[in-house]
Amino acid sequence: MKVTLVSEGTYPFAMGGVSVWMDQLIRGMPDYWWDVMTMTVDGRERPVWEQPRNLENIISMPLWAQRPRLSTRDPGAAFSKVYGRFLQMVLTPAVMGEGGGEFLWVLEQFYRFANAGGDLVGAPMANKSLSQVMDTWYWSRTDRLNLSDAITFGNLMSHMLRPLAEPPPRTDLMHVAMNGLSMLPAMTAKWRYGTPIVLSEHGVYLRERYLQYVNEPVSHSVRVLMLSFFRRLAVASYAAADRIAPHSTYNRRWQIHNGADPRRIRVMYNGVDPADFTLATSDPAEPTIVFMGRVDPLKDLHTLIRAFAIVRSKIPNARLRIFGGVPKGNESYHQSCLELVAELGLEESAVFEGRVATQVDAYHAGHIVALTSISEGFPYTVVEAMACGRPVVVTNVGGVAEAVGEAGFVVPPRDYVAAAEAMVTLLRRRILRRRLGRLARQRVLQRFTLQQSLDDYRAVYRELVRVPI
């Protein structure tokens, strides 16, 4: 069987939980052949993962690379008709979960326009298309959309829709790591070759777009247009997928709310190999809290740092060790974390240590492991820490509470006071730490092993693709 994994900005060009999951699938099923298709920025990204032997092709699909556009004022009546319906749907308030089939049809018409030689990349920037945006806005809303905003939206659409203009991949199965833009090449393969689609969601893609656009440097009008587009795309993606494989029941609820057919959904938890995450048998000399993960706004390290300031006031020799790299584009967020550490007078006790040789070293370096994210799916860091026998303090987002169960403390997101109280409790109570650590390890062995995860995916693949005996 040939499986093509599709993602947005991850494996093999970046680290993180989704990349770990993709590498696990490829290496864990050496009897399958794999391709990886990744949405990239400009195509100049370089792999940071060693390529497995059974990974045949790495396909970079740059969304922002410059390419020549056909010079045209009018993309033609066929495109304009479909684009008009596209804009009407984007600007019409929708009951969540409805209209997935119709929006999927619109996307298919864009694909067929490009497949017939039309310039799908240039069409949204044509004068007629910009006029359509402004006219549709005028008839749909009480406020106004200016030309600058129409141009911004047209330019964004020319990049967002680009995967529909690329040749569909030839493969037995498309396995998409996340909702959104990554689903577009899977749709084209299904329209062209009838290729079945499995859609996994680690986090809730649509929710993360809403969080993202709070701080995007665009006008309110463009924000409305883009979020409406992503909302419609998410619902259409659920309609297109043959199987939906969320990593938590939390995600499953979101998906059903957004129109996914419950009969197509199968919850499939991430897993780890317990042999790779050995049980910690000793504690560091000083009370230590560890964070393991990328430096990213979604991880909400500001809350972690503020919580640690309270911990430090109660346990003066406490330390916070933050392990993980700074992805490209997150440098300003990293700087804001350093400034907060300085503002709170924690320079000597809260340290950013960058990437670590192995995650196990990071988990063993602390008494407890903390994750104060504002959005997650089913994070590997939590399961890995639990496999090492470390109790955790985590926020109640995504499938985190499902992972932890009774083996740690779950607090509300952005509540640094509650997080601090939980950390202080664990640091002061050794017997409680040991008991929760044992529960954590047992929970992983019973429910979240890598073999269990791989067996689940094999079963789904074989449901959709006939494998010769």
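Just so it is clear, the structure is predicted and the values come from calculations on it, not from any experiment.

**Student:** Explain the sheet that holds strand E4 (residues 173-176) here, please?
**Tutor:** Across a sheet, paired strands are connected by hydrogen bonds in the backbone, their directions being either parallel or antiparallel. Here we have six strands laid out as an open sheet, ordered E3-E2-E1-E4-E5-E6, and parallel in their pairing. Both outer strands of the open sheet, strand E3 (55-62) and strand E6 (243-246), are each paired with one neighbouring strand and no more. Across the sheet, the mean angle from the axis of one strand to that of its neighbour is 20°, orientation sign disregarded. Across seven bridges, the pairing between strand E1 (residues 2-8) and strand E2 (residues 33-40) is parallel. The partner of Thr4 across the bridge, within E2, is Asp35.

**Student:** Looking at this structure, I do not really get the pairing of strand E9 (residues 350-354). What am I missing?
**Tutor:** Residues in a regular strand point their side chains to alternate faces of the sheet. Pairing of strand E8 (residues 319-323) with E9, which is carried by four bridges, proceeds in the parallel orientation. Looking at the pairing, Phe323 lines up with Gly354 of E9. A crossover links E8 with its parallel partner E9, the connecting element being helix H11 (residues 331-343), and its sense is right-handed.

**Student:** Would you take a moment to explain the sheet that holds E8 for this structure?
**Tutor:** Spatial ordering of the open sheet is given by E9-E8-E7-E10-E11-E12, a layout of six strands whose pairing is parallel. Of all strands in the sheet, those bounded by a partner on one side alone are E9 and strand E12 (408-411). Looking at each pair of strands side by side, their axes are set apart by 20° on average, direction ignored. In the packing of helix H10 (residues 301-314) onto the sheet, the strands contacted are strand E7 (288-292), E8, E9 and strand E10 (368-371), and the crossing angle to E7 comes to about 175°. Docked against the sheet, helix H15 (residues 416-428) engages E7, E10, strand E11 (392-395) and E12, running at close to 170° with respect to E12.

**Student:** Is there a simple way to explain helix H4 (residues 127-140) in this structure?
**Tutor:** In an α-helix, one turn spans 3.6 residues, which is why side chains three or four residues apart end up on the same side. Over its 14 residues, H4 extends 20 Å from the first C-alpha to the last, a length consistent with the 20 Å expected when each residue adds 1.5 Å. Residues of H4 that are buried include every one of Ser129, Leu130, Gln132, Val133, Thr136 and Trp137, and no others. Within H4, the buried residues cover an arc of 155° as seen down the axis, which keeps them to one side.

**Student:** How should the pattern of salt bridges be read in this particular structure?
**Tutor:** Here the idea is simple: oppositely charged side chains can pair when their charged atoms come close. One pass over the structure, following the stated rule, counts 19 salt bridges. With its nearest N and O atoms 2.7 Å apart, the salt bridge here joins Asp42 to Arg44. A relative accessible area of 25% places Asp42 in the partly exposed class. Residue classification places Arg44 among the exposed residues on the basis of a relative accessible area of 65%. Between Glu353 and Arg321 there is a salt bridge, with the nearest N and O atoms lying 2.6 Å from each other. Pair noted here: Glu353 is in strand E9 and Arg321 is in strand E8, with a separation of 32 residues, a long-range link. One salt-bridge network, held together by shared partners, links Arg243, Arg266, Asp456 and Glu463.

**Student:** So what exactly am I meant to see when it comes to the environment of Gln51 here?
**Tutor:** Secondary-structure assignment places Gln51 in the loop between E2 and E3. With a relative accessible area of 41%, Gln51 lands in the partly exposed category. Leave out the neighbours within four places in its chain, and Gln51 touches Arg27, Glu56 and Ile58.

**Student:** Any chance you could explain the pairing of E1 here in plain terms?
**Tutor:** Of all seven residues in E1, six are buried; the element is thus mostly enclosed. For the handedness criterion, the β-α-β arrangement of E1, helix H1 (residues 17-28) and E2 is classed as right-handed. In this sheet, E4 lies alongside E1 in parallel orientation, the contact comprising four bridges. Paired with Leu5 across the strands is His175, a residue of E4.

**Student:** Just checking my understanding: could you explain the nonpolar core for this structure?
**Tutor:** Inside soluble globular proteins, nonpolar side chains tend to come together where they are buried. Judged by nonpolar contacts, the single largest core of 155 residues is most densely connected at Phe86, Leu107, Phe110 and Phe229. With 12 residues, helix H8 (residues 220-240) is the largest single contributor of residues to this core. Once residues within four sequence positions are removed from consideration, Leu107 is found in contact with Leu161, Leu164, Leu184, Met187, Trp191, Leu233 and Ala236.

Definitions and cut-offs
Residues numbered from 1 in each chain as written. Predicted model: local features only at pLDDT ≥ 70, side-chain atom pairs only at ≥ 80, totals over all residues. Heavy atoms only, no water. Pairing = 2+ DSSP bridges. Helix = DSSP H or I, 4+ residues; strand = E, 2+ residues; numbered from the N terminus. Axes fitted to C-alpha atoms, helices over the stretch in contact; angles between N-to-C directions. Right-handed = clockwise from strand over helix to strand, strands pointing away. Contact = heavy atoms within 4.5 Å. Expected span 1.5 Å × (residues − 1). Buried < 20%, exposed > 50% of the residue type's maximum accessible area, 1.4 Å probe, protein only. Arc of directions from axis to C-beta. Salt bridge = Lys/Arg side-chain N within 4 Å of Asp/Glu carboxyl O. Core = buried A, V, L, I, M, F, W, Y, C linked by side-chain atoms within 4.5 Å.

Everything listed here is a matter of coordinates, which is why it stays silent on function.
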